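# Remarks on the overall topology
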Amino acid sequence: MNQNKLPADPLSLILGILALVIGIAGCCCYGITAIVPLAMAIIGLVAANRSLREYGENPEAYNPQSQSNVNTAKIINIIAVVLNGLVFLVAIGVLAIYGTLISSAVLDSLDDGNFEDDDYYYESEYETTIEPENTDAWDDDTFIIEEEIDSVNLDSIQ
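These lines cover the structure that appears in this document, whether it is placed above or below. (Residues numbered from 1 in each chain as written. Predicted model: local features only at pLDDT ≥ 70, side-chain atom pairs only at ≥ 80, totals over all residues. Heavy atoms only, no water.)

### Digging into a nonpolar patch on the surface
On the surface, Val 90, Val 94, Ile 97, Tyr 98, Leu 101, Ile 102 and Val 106 cluster together into a nonpolar patch covering about 690 Å² of accessible area. As for its position among the elements, Tyr 98 is in helix α3 (residues 64-112). On the accessibility criterion, Tyr 98 (52% relative accessible area) is exposed. (Patch = residues over 30% accessible without salt bridge, like charges linked within 9 Å, V, L, I, M, F, W, Y side chains within 5 Å. Areas by Shrake-Rupley, 256 points an atom, 1.4 Å probe, with all protein chains shown as cover. Salt bridge = Lys/Arg side-chain N within 4 Å of Asp/Glu carboxyl O. Helix = DSSP H or I, 4+ residues; strand = E, 2+ residues; numbered from the N terminus. Buried < 20%, exposed > 50% of the residue type's maximum accessible area, 1.4 Å probe, protein only.)

### Looking at the environment of Val 70
On the secondary structure map, Val 70 appears in helix α3. Owing to a relative accessible area of 0%, Val 70 belongs among the buried residues under this scheme. On a C-alpha basis, the gap between Val 70 and Ser 12 in space is 7.1 Å, while along the polypeptide they are 58 residues apart.

### A word on the environment of Ser 12
Relative to the helices and strands, Ser 12 is located in helix α1 (residues 9-26). In this structure Ser 12 comes out as buried when scored by relative accessible area, which is 0%. The spatial distance from the C-alpha of Ser 12 to the C-alpha of Lys 74 is 7.4 Å, given a sequence separation of 62 residues. If we ignore the near neighbours within four places in the chain, the residues touching Ser 12 are Gly 44, Ala 48, Ala 73 and Asn 77. Polar contacts involving the side chain of Ser 12 include one to the main-chain carbonyl oxygen of Ala 8, which spans 2.6 Å. (Contact = heavy atoms within 4.5 Å. Polar contact = N/O pair within 3.5 Å; in protein donor to acceptor, adjacent residues only side chain to side chain.)

The quantities given are spatial measurements derived from coordinates; they are silent on function.
This is the structure:
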């Protein structure tokens, strides 16, 4: 009657604790890193379930303390999966909302052509509009250039 440890006794407990610690610390990074502890918690939960299934098939071969450790690891991994899953879903939602707001604001400003409200707009650099009182100056310059071309003798060029 040799009583051994269950295969996932230390592994699932370590994965569950690490998933909780990394998941809670990952909240400081806006939840983007929640995918790693979520995967760790899922792996720990699957390993704990397999070990408990083995214990159920042959309870005499394994230590009851090992079964208790795996049950604790299973509970910790379930908590880690729920916590990291929620953090990950909130992070995806926040990224989707901010991405939509930013892209709609950029597209609206491109459609309107209203760049004066932007922070990077400097009126002195981009001011190319012609004031209504100076519109005749363009016509006069064009007329003067045309007069000079007409007055040139084309025979002298040849």
